[in-house]
Amino acid sequence: MNSWPTTYLPPLDARFNVPPLLIEAARGSGLLSQSNGEKFDMYVCGITPYDATHLGHAATYLTFDLINRYMRIRGCEVNFVENITDIDDPLLERAKRDNVDWKDLAASQIALYEADMTALHILPPKDFVPVTEVMPLVESAISQLVARGFTYTIENDLYFDCSSFITDLPISYEQALSIFAERGGDPERLGKRDALDPVLWIAHREGEPKWNSVHGAGRPGWHIECSVIALRYLLGESFLKQDRTKEFLITLQGGGSDLIFPHHFMSGALSEALTGISFAEHFVHTGMVGLDGEKMSKSKGNLVFVSKLLEEGREAVAIRHALLTSHYASDRMWSDEILKKSEASIDLIRKALAKDGVAGTHSLISEIILALADDLDTPRALQSIETWALGNHNGDETTGEIARALDLLLGLAL
Ligand code: ZN
């Protein structure tokens, strides 16, 4: 599927030092030190297209957009792939509830998501891949897992035996069990070898879409979808035949913190089961967004959608600024006050940029770069901009370089 349109990235003057990017929350060293000409493979888990794009989604994709921009500025060849989970239980349940065709629901939500990403100035992935376009690949990957002895069957449903990976759980087994049940898993199903084993191929059920395969008619489970898309689109067609001397398959897998378990754990385990190599060198997770002191969730019905805010006439650049006022890794609250403050900040920055001559250009841009390098500290970067804009910086420098840097580094196109 085509991604949304890309945008022009203004250049950064060579006199600026761009240090390696420290991501403290990432597993591993957390230091993304790739630079000039080196490859940077980034896989970000995309939406299930039934309720795009709420502010939690926007905050997540904005974080990986900052990493994408930063690693490009370091001269990396960023290979960014994002999937669309266009076949999964929540999509089918919503389509049934609303009495609409699941394909129509998915198409409408994907279109809305692409429009929101374009408005928010988020650089598109190189490949934006719906699961329904890769069914033959999923089928052959599952065959490989069967051949390697990683699977078993319960009443025609095929399961992944995750026992070889369970010692690496990122949380305690008890926590994993309760989260697994909350997020669509079936820990209590009779016949499972381990309660945490995820389903790989779901035999066809009445009223659900199906694909014919050597594993019977049915549809794939969630985690194998991401393993296959990440490996195929980041590593190429022969992804099952990897050079065993490699330490990791890809550089970074990202998503919201609600994906740490089971989704990222299981998609990593499946990738390793397929290739014999650890999946991602770094896993980066973003915090959750709440509303007015409450958790934002579909069950509470309090999701705030980007498209609704845009319809109300709120500016996309102000929404982006407002999301950047919190640190990516922390859970945060959204409120209309936050957006209003960002609207005032954008107004202030625009006034400063409209001046004929300014001073402090070089130090401001350096401060923004250093704040980003230090665990994407966007609140600090925005504070530096605000301080500069409030100051009386009459000088003989032009504002063009600052405007270009705000666009390049933070995606704030003013
Ligand atoms: Zn995923």
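Given the structure is predicted, the values throughout are model-derived calculations rather than measurements.

**Student:** Explain the packing of helix α6 (residues 222-235) against helix α7 (residues 260-275) residue by residue, including any values.
**Tutor:** Between two packed helices, both the angle of their axes relative to each other and the distance between the axes serve to describe the pair. It is the contact of α6 with α7, at a shortest axis distance of 8 Å, that shows an interaxial angle of 55°. If you check the angle between α6 and α7, you find them oblique. With respect to the hand of their crossing, α6 and α7 are arranged in right-handed fashion. From α6, Trp 222, His 223, Ile 224, Cys 226, Ser 227 and Leu 231 reach across to α7, where they touch Pro 262, His 263, Met 266, Ser 267, Leu 270, Ser 271, Leu 274 and Thr 275. Residue composition of the contact of α6 with α7, grouped by class: 8 nonpolar, 6 polar and no charged.

**Student:** Summarise α6; cite the residues concerned and give the values.
**Tutor:** In a regular helix each residue adds 1.5 Å, so 14 residues correspond to 20 Å; α6 covers 20 Å between its end C-alpha atoms and thus fits that length. Taking burial as the measure, the 14 residues of α6 include 11 buried ones, the bulk of the element. By the burial criterion, the buried members of α6 are His 223, Ile 224, Glu 225, Cys 226, Ser 227, Val 228, Ile 229, Ala 230, Leu 231, Arg 232 and Leu 234. One or two positions beyond α6, positive phi appears at Gly 236, with a value near 100°.

**Student:** Quick one: what's the story with the coordination of the zinc ion, residue by residue and with numbers?
**Tutor:** Here the zinc ion is held by Cys 45 (SG), Cys 226 (SG) and His 263 (NE2), and the distances to it run 2.0 to 2.1 Å. Owing to a relative accessible area of 1%, His 263 belongs among the buried residues under this scheme.

**Student:** Now, about the nonpolar core: what can you tell me, with residues and values included?
**Tutor:** Within the largest apolar cluster, 74 residues are counted, with the highest numbers of intra-cluster contacts made by Leu 55, Ile 67, Trp 334 and Leu 410. Of the residues forming this core, the biggest block, 10 residues, is contributed by helix α1 (residues 55-73). With residues up to four places along the chain from it excluded, the contact list for Leu 55 reads Val 289, Met 296, Val 304, Val 306, Leu 309, Ile 319, Leu 323 and Trp 334.

**Student:** An account of the packing of aromatic side chains is needed here, citing residue identities and associated values.
**Tutor:** Across all of its chains, the model carries 10 aromatic pairs by this definition. Ring geometry for Trp 4 against Tyr 113: centres 5.7 Å apart, planes inclined by 90°, an arrangement best described as edge-to-face. Here Trp 4 is found in the segment before β1 (21-22), whereas its partner Tyr 113 is found in helix α3 (residues 102-119), with 109 residues between them in sequence. Residue classification places Trp 4 among the buried positions, given a relative accessible area of 4%. With a relative accessible area of 0%, Tyr 113 lands in the buried category. For the pair Tyr 113 and Phe 128, a centre-to-centre distance of 6.0 Å together with 20° between the ring planes defines the contact as stacked. Of the two residues, Tyr 113 is situated in helix α3 and Phe 128 in strand β5 (residues 127-130); the sequence distance between them amounts to 15 residues. Assessed through its relative accessible area of 1%, Phe 128 is described here as buried.

**Student:** Describe the sheet that holds strand β4 (residues 77-84), listing the residues and the values that go with them.
**Tutor:** Read across the sheet, 5 strands follow the order β5-β4-β3-β10-β11 without closing on themselves; strand pairing throughout is parallel. Where the open sheet ends on each side, the last strands, each with one partner, are β5 and β11 (278-286). Between one strand and the next, the sheet's axes are offset by a mean angle of 25°, whatever the strand orientation. Note that β4 and β5 share 4 bridges and pair parallel. The partner of Ile 84 across the bridge, within β5, is Pro 130.

**Student:** Break down the UniProt feature "domain: tRNA synthetases class I catalytic" (unreviewed entry) in the protein for me, citing the residues and quoting the values.
**Tutor:** Residues annotated in UniProt with the feature "domain: tRNA synthetases class I catalytic" (unreviewed entry) correspond here to residues 34-342. As annotated, residues 34-342 comprises 39% helix and 19% strand, and the C-alpha atoms at either end are separated by 33 Å.

**Student:** Go over the side chain of Ser 271, please, and point to the residues and values.
**Tutor:** Looking at where Ser 271 falls in the secondary structure, it is placed in helix α7. Under the relative-accessibility criterion, Ser 271 is labelled buried at 0%. Here the side chain of Ser 271 touches Ser 267 through a polar contact of 2.8 Å, landing on its backbone oxygen. If near-sequence neighbours (up to four positions away) are discounted, Ser 271 is found in contact with Ser 227, Leu 231, Leu 249, Gly 276, Ile 277 and Phe 279.

Definitions and limits used
- Counting restarts for each chain, with residues numbered from 1 along the sequence as it is written.
- Per-residue local features are limited, in this predicted model, to residues with pLDDT of at least 70; the limit for side-chain atom pairs, both in listing and counting, is 80 or more; totals at the level of whole chains, interfaces and linings are taken over all residues.
- Hydrogens and water molecules were not included; the side-chain quantities draw on all heavy atoms of the structure.
- Axis geometry follows a simple rule: fit a line to the C-alpha atoms, using only the stretch in contact for helices, then measure angles between N-to-C directions, giving values from 0 to 180 degrees.
- To qualify as a helix, a DSSP run of H or I must reach at least 4 residues; to qualify as a strand, a run of E must reach at least 2; elements of each kind are numbered from the N terminus.
- Here is the rule for angles: anything less than 35 degrees is roughly parallel, anything more than 145 is roughly antiparallel, 65 through 115 is roughly perpendicular, and the remaining ranges are oblique.
- We call a crossing left-handed when the near helix sits turned anticlockwise from the far one by less than a right angle, and right-handed when that turn is clockwise.
- Contacts are assigned to residue pairs with any non-hydrogen atoms lying within 4.5 Å of each other.
- Lys, Arg, Asp and Glu make up the charged group, whereas Ala, Val, Leu, Ile, Met, Phe, Trp, Tyr, Cys and Pro make up the nonpolar group; the residues left over, Gly among them, are polar.
- Given the number of residues in a helix, its expected span is that number minus one, multiplied by 1.5 Å.
- We call a residue buried when its accessible area falls under 20% of the maximum for its residue type, exposed when it is over 50%, and partly exposed in between, using a 1.4 Å probe and counting protein chains only.
- Note that water is not among the atoms considered, so a metal site may appear incomplete; the donors listed are N, O and S atoms within 2.8 Å of the metal, with 3.2 Å applied to Na, K and Ca.
- Residue types Ala, Val, Leu, Ile, Met, Phe, Trp, Tyr and Cys, when buried and joined through side-chain atoms within 4.5 Å, form a set referred to as a nonpolar core.
- Here is the rule: rings of Phe, Tyr and Trp (six-membered ring for Trp) pair when centre to centre is within 6.5 Å. Planes less than 30 degrees apart are stacked, more than 60 are edge-to-face, and the remainder are tilted.
- At least two bridges found by DSSP between two strands is the condition for calling them paired.
- UniProt positions are given in the numbering used here, feature names are shortened, and annotations may be inferred rather than shown by experiment.
- A 3.5 Å cut-off defines polar contacts: any pair of N or O atoms within that distance qualifies, except that in protein one atom must be a possible hydrogen donor and the other a possible acceptor, and neighbouring residues in sequence count only when both atoms are side-chain atoms.

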